[in-house]
Structures are given as C-alpha cells and as structure tokens.
Amino acid sequence: MSLCAREPRVPADRLVAEMVPPPRFDSVRFGTYVPDPNQPSQSEAVRVLEDFAGGLGEAPGTGGGRRGFFGLGRGRAPKTPAGPRGVYLDGGYGVGKTHLLASLWHATPAEPSRKAFGTFVELTNLVGALGFQQTVQTLSGHRLLCIDEFELDDPGDTVLVSSLLARLVEAGVALAATSNTLPGKLGEGRFAAADFLREIQGLSAHFRALRIDGEDYRHRGLPEAPAPYSDEQVTRAARATEGASLDDFAALLDHLARVHPSRYGALTDGLTAVCLTGVHPVPDQSTALRLVVLADRLYDREVPVLASGLPFDRLFGEEMLKGGYRKKYFRAISRLTALARDAARLVDTA
C-alpha cells in the first residue's frame, strides 16, 4: 500500500476519544521507568509525580482531599489554588518524559473518560475541530490534562493555549506537560516571544517546572543505527511484509502538505511498517515540521521505518539544526533512528 494514496477524514469525536496514551505507552507505569543511577533528577521526578497523582483523588477543585498538589496543604482547597496547578517536565529528548507523563495518566485515580492525554499539536487540532468554547466544555470535567511535547510555534498558539489552560484551571483541571524548553522560554527563537511575554508568563504560572537530566535512553548502550538500504532491498522487504507501505520519500513529503497534521495518526492506521525509497534532506522548514509530526505518530504507534537514501541524521540541514526548532528536529532524528533499528529485521526476513 501507499501512504500517498491515503486521504483520511477524522471526525471530531474520534479526536476526543483518542486522547489517551498511544500504544507505545499503554502499558508503562512508574514502576517500569528505570532511572539512570547517575541522574538523581530522574528518581526525584518519579517521586514528585507519584505524589502529584495521589493528590488527584478528589473531584476537581477540592485540592485532592487531605493532601494537595505536590503533597502540600491540608483540607479542602479553594476552587482555584494560589500556587501552580500543574507539573512541567523539562529535559532533553530521550530521557523518558513521555513515559513519566503516561505513567501519571495511568496512576491518576479517575475513569479514562475523565483524563485526557495528547500532544500539543493534537490539543490545538482539537480546538480547531470543536471550537474554543466546546473544547473548554469538553475538558472542564476532567481531573487531568496531559500535554506532551509542549511547544509554541506562533503567536496565535500562544494566545489560544494561554486562554484555554486558564479556563481549565479555573474549572479545577490539573495539568501536566512535557517539553524540551522551560515554560518561561517557550516561543524563543520561533517568533517575537517578547511581544507575548504576558501570555507566556501566564502559561508558566500554571506549572511547577521539574528538570529531568540524562542521555537519550533510545540509544543508551545500543549499537549504531543501521545504514540505509538499497532501493531494491527496501522494495523487496515492503512486498514481503504484510501491512507495509512503500513510498518515494519526495512524493510522501508532497502528500503530507495536502493532509492536515491532525490526520497523520489516521494516515498510519493499520500499518505494520513504513518503507521509503530515496530519502534526502528536507527542502524547507514547513516540510521539516510536517515530517516531525509524522515521525512522532509513527513512534507512538511503534511502526518501524525502513529506508534507502541518506541516513536519518542527515534529514535536516545545519541551519535547521541551529534554529529555533532544533529540539524538534533532534527528537525526530532520535525517534526515526530507533524505528530504523526496529526495521532491520524486515530485510533479514524478506
């Protein structure tokens, strides 16, 4: 099959129903997170998040009964607490932030329908599908909203998310987020963040920042990723693998420009592998950011990626890797490299 032949339509109710941890993180728990003994901040993060989850046992706005957020305070809290209403996991790519965020979602004592988990892009897509007021109404009854890969790419997102989170906090919803950027630095290097300092500071006030240090666990102690294969090897493996897709890389990049990023998850429905021929550097930033979203969806769904052409660490040019979106690009390289390692078996069995 070909990804370029797919043009999925995703109804709004599916966007809401799918706000749960993706398949890769469906079974993770705090107990399955393995802290690096050389990085004490990782063990500390587990402790803080376990306490945070334990404070979410009461209805929204009660402050978690006997113990408030982060184990502070006693008794019933006012509807809008004076301190941060959420926790913000800051750290480099591959230190296990999404694992911890998903573990928090699983540990929070509430029905799945009362908890929401999604990437920042998926949250903004939800607002686009439902409208602002309907999104507020839909999420206001939740105990917890988890936002993975929190980024502010433009001023519109800054104002939108600032307003949305303020309304949800007023309704008693607890927040948790991950990012490679401290909340007070969001938007830096991407747009004139100084012009939107009030909104950024307002976002920051909702969170207690929790730094997680460490190296990328996806490559810790593992061999180098396999070198790209030949076009013939990739084509043969695609034809021998049930449920695999096969596309020319340039054609796929063109197709992604015609599919809204909110549909990239649906674009990968049912795939067992993605096979690409002729991988080359992405030509511009808009194309690169779309590829980042696709890489995230493939990684979430554990879909291996087999490719010919250039290795994935040469997808983004030097200028891109020095720019404001560099952390996104490094995350994509890390995740695609892990998926390429997973795909090596396809060639061996073809």
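All values derive from a computational prediction rather than experimental measurement. (Residues numbered from 1 in each chain as written. Predicted model: local features only at pLDDT ≥ 70, side-chain atom pairs only at ≥ 80, totals over all residues. Heavy atoms only, no water.)

A. The arrangement of the overall build of the protein in detail. Each helix and strand counted, the protein has 13 helices and eight strands in total. Put simply, the protein has 350 residues, and 53% of those count as buried. Counting only contacts in the protein whose residues sit at least 6 apart along the sequence, the fraction spanning at least 24 positions is 84%. As presented, the protein carries roughly 15,000 Å² of accessible surface, and 50% of it is formed by carbon and sulfur atoms. (Helix = DSSP H or I, 4+ residues; strand = E, 2+ residues; numbered from the N terminus. Buried < 20%, exposed > 50% of the residue type's maximum accessible area, 1.4 Å probe, protein only. Contact = heavy atoms within 4.5 Å. Areas by Shrake-Rupley, 256 points an atom, 1.4 Å probe, with all protein chains shown as cover.)

B. Inspection of the sheet that holds strand E2 (residues 115–119) at higher detail. Spatially, the five strands line up as an open sheet ordered E2-E3-E4-E1-E5, and their pairing is parallel. On the outer flanks of this sheet lie E2 and strand E5 (207–212), each paired with one strand and no other. Pairwise comparison of adjacent strand axes, ignoring direction, gives a mean angle of 15° for this sheet. One ladder, built from five bridges, connects E2 with strand E3 (residues 144–148); its direction is parallel. Paired with phenylalanine 117 across the bridge in E3 is cysteine 146. (Pairing = 2+ DSSP bridges. Axes fitted to C-alpha atoms, helices over the stretch in contact; angles between N-to-C directions.)

C. Structural context of empty space enclosed by the protein. Throughout the structure, instances matching the rule amount to three cavities of 30 Å³ or more. Its volume calculated, the second largest cavity comes out at about 90 Å³. Lining the second largest cavity we find Phe249, Leu252, Val274, Leu276, Leu291, Leu294, Ala295, Leu298, Val305, Phe312 and Leu336. Of all elements in the fold, only helix H9 (249–256), strand E7 (273–279) and helix H11 (285–300) reach the threshold of two or more residues within the lining of the second largest cavity. When residues in the lining of the second largest cavity are grouped by element, the largest group, four residues, is from H11. A per-class count over the lining of the second largest cavity returns 11 nonpolar, no polar and no charged. (1 Å grid on protein atoms, 1.4 Å probe; cavity = no way out; pocket = protein on both sides within 12 Å on 5 of 7 lines; lining within 4 Å. Points joined across faces, edges and corners; volume = space filled by probe spheres on them. Nonpolar A, V, L, I, M, F, W, Y, C, P; charged D, E, K, R; others polar.)

D. The nonpolar core, seen in detail. In this structure, Leu100, Phe316 and Tyr329 are the most contacted members of the largest nonpolar core, which totals 64 residues. It is H11 that contributes the most residues to this core, nine residues altogether. Looking at which domains feed residues into this core, each of domain 1 (12–56 + 83–217) and domain 2 (231–349) supplies at least three. Dropping the residues within four chain positions of it, tyrosine 329 is found in contact with Gln285, Ala288, Leu289, Val292, Phe316, Met320 and Leu321. In this structure, Ala116, Leu123, Leu139 and Leu165 belong to the second largest nonpolar core, which totals 25 residues. (Core = buried A, V, L, I, M, F, W, Y, C linked by side-chain atoms within 4.5 Å. Domains from an automatic or database assignment.)

E. Focus on the pattern of salt bridges. The final tally for this structure, using the stated rule, is 13 salt bridges. Two residues, aspartate 213 and arginine 211, come together in a salt bridge whose shortest N-O distance is 3.0 Å. With its nearest N and O atoms 2.9 Å apart, the salt bridge here joins glutamate 318 to lysine 322. Neither residue differs from the other here; glutamate 318 and lysine 322 are each classed as exposed. Through salt bridges with shared partners, a single network forms among Glu149, Asp296, Arg331 and Arg335. (Salt bridge = Lys/Arg side-chain N within 4 Å of Asp/Glu carboxyl O.)

F. Representation of H11. The terminal C-alpha atoms of H11, which comprises 16 residues, lie 23 Å apart, in line with the 22 Å expected from a rise of 1.5 Å per residue. Among the residues of H11, the N-terminal cap falls to aspartate 284, whose side-chain oxygen and the backbone nitrogen of serine 286 are separated by 3.2 Å. Just past H11, the residue glutamate 302 takes up positive phi, approximately 60°. (Expected span 1.5 Å × (residues − 1). Polar contact = N/O pair within 3.5 Å; in protein donor to acceptor, adjacent residues only side chain to side chain.)

G. A look at the side chain of threonine 241. Checked against the element boundaries, threonine 241 lands in the loop between helix H8 (231–240) and strand E6 (244–248). Since its relative accessible area comes to 16%, threonine 241 is described here as buried. When residues no more than four places from it in sequence are discounted, the contact partners of threonine 241 are Thr272 and Leu346.

H. Just the packing of aromatic side chains, in detail. Evaluated as defined, the whole model comprises five aromatic pairs. Aromatic pair tyrosine 88 and phenylalanine 207: ring centres 5.4 Å apart, planes at 70°, arrangement edge-to-face. Placement of the pair is tyrosine 88 in strand E1 (residues 86–91) and phenylalanine 207 in strand E5, with a sequence separation of 119 residues. Tyrosine 88 gets classed as buried once you look at its relative accessible area, which sits at 0%. Among the residues examined, phenylalanine 207 registers a relative accessible area of 7% and is labelled buried. (Phe/Tyr/Trp six-rings, centres within 6.5 Å; stacked < 30°, edge-to-face > 60°.)

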